[in-house]
Amino acid sequence: MSSLKDIHALLDAAVQAGNAAADAISDHAADPFAVMLLQRIRLATAEYRKSRDELKVAMIALHNKSQLADLKK
């Protein structure tokens, strides 16, 4: 089973790959297919970014909750 850090790293890699693909495709802005593909890549990258950021917030919350539980012991 993957840890939350592993999943975060995978989501971060997906965001980076999406950004790289968008950069490569943006050179072909005159091609309608490239424009459509670029829009889809940007949308997917935004979704991965959102998931990555939400996971990071959850990881911080779990860490803080764990620290708080340790203080109560």
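Described below are features of the structure shown in this document. Because the structure is a prediction, the values reported are computed rather than measured.

**As for helix α2 (residues 32-72)**
Step number 1: Helix length check: α2 (41 residues) gives 60 Å between terminal C-alpha atoms against 60 Å at 1.5 Å per residue, within 8%.
Step number 2: Every buried residue belonging to α2 is among Ala34, Leu38, Ile41, Thr45, Arg52, Leu55 and Met59, and all of these are buried.
Step number 3: Lining the buried residues of α2 we find α1 (4-25).

**Some thoughts on α1**
Count 3.6 residues to each turn of an α-helix, and residues three or four apart come out pointing the same way.
Step number 1: Its 22 residues place the ends of α1 31 Å apart at the C-alpha level, agreeing with the 32 Å of an ideal helix rising 1.5 Å per residue.
Step number 2: Among all positions of α1, only His8, Leu11, Val15, Gly18, Ala22 and Ile25 are buried. The arc that holds every buried residue of α1, seen down its axis, measures 120°, which confines them to one face. Those residues of α1 that are exposed and aimed more than 90 degrees away from the buried face are Lys5, Leu10, Gln16 and Asp23.
Step number 3: Tucked inside the fold, the buried residues of α1 contact α2.

**Focus on the side chain of Arg52**
Step number 1: In this structure, Arg52 sits in helix α2.
Step number 2: Arg52 sits in the buried class, given a relative accessible area of 15%.
Step number 3: In this view, Arg52 contacts His8, Leu11, Asp12 and Val15; residues no more than four positions away in its chain are not counted.

**Some thoughts on the nonpolar core**
Step number 1: Ala22, Ile25, Ala34, Leu38 and Ile41 together form the largest nonpolar core, which totals 5 residues.
Step number 2: Contributing elements (two or more residues each) for this core: α1 and α2.
Step number 3: Looking at this core, the element that brings in the most residues is α2, giving 3 residues.
Step number 4: For Ala22, the contacting residues outside a window of four places in its chain are Leu38, Ile41 and Arg42.

Here is what the cut-offs are and how they apply
Residues numbered from 1 in each chain as written. Predicted model: local features only at pLDDT ≥ 70, side-chain atom pairs only at ≥ 80, totals over all residues. Heavy atoms only, no water. Helix = DSSP H or I, 4+ residues; strand = E, 2+ residues; numbered from the N terminus. Expected span 1.5 Å × (residues − 1). Buried < 20%, exposed > 50% of the residue type's maximum accessible area, 1.4 Å probe, protein only. Contact = heavy atoms within 4.5 Å. Arc of directions from axis to C-beta. Core = buried A, V, L, I, M, F, W, Y, C linked by side-chain atoms within 4.5 Å.

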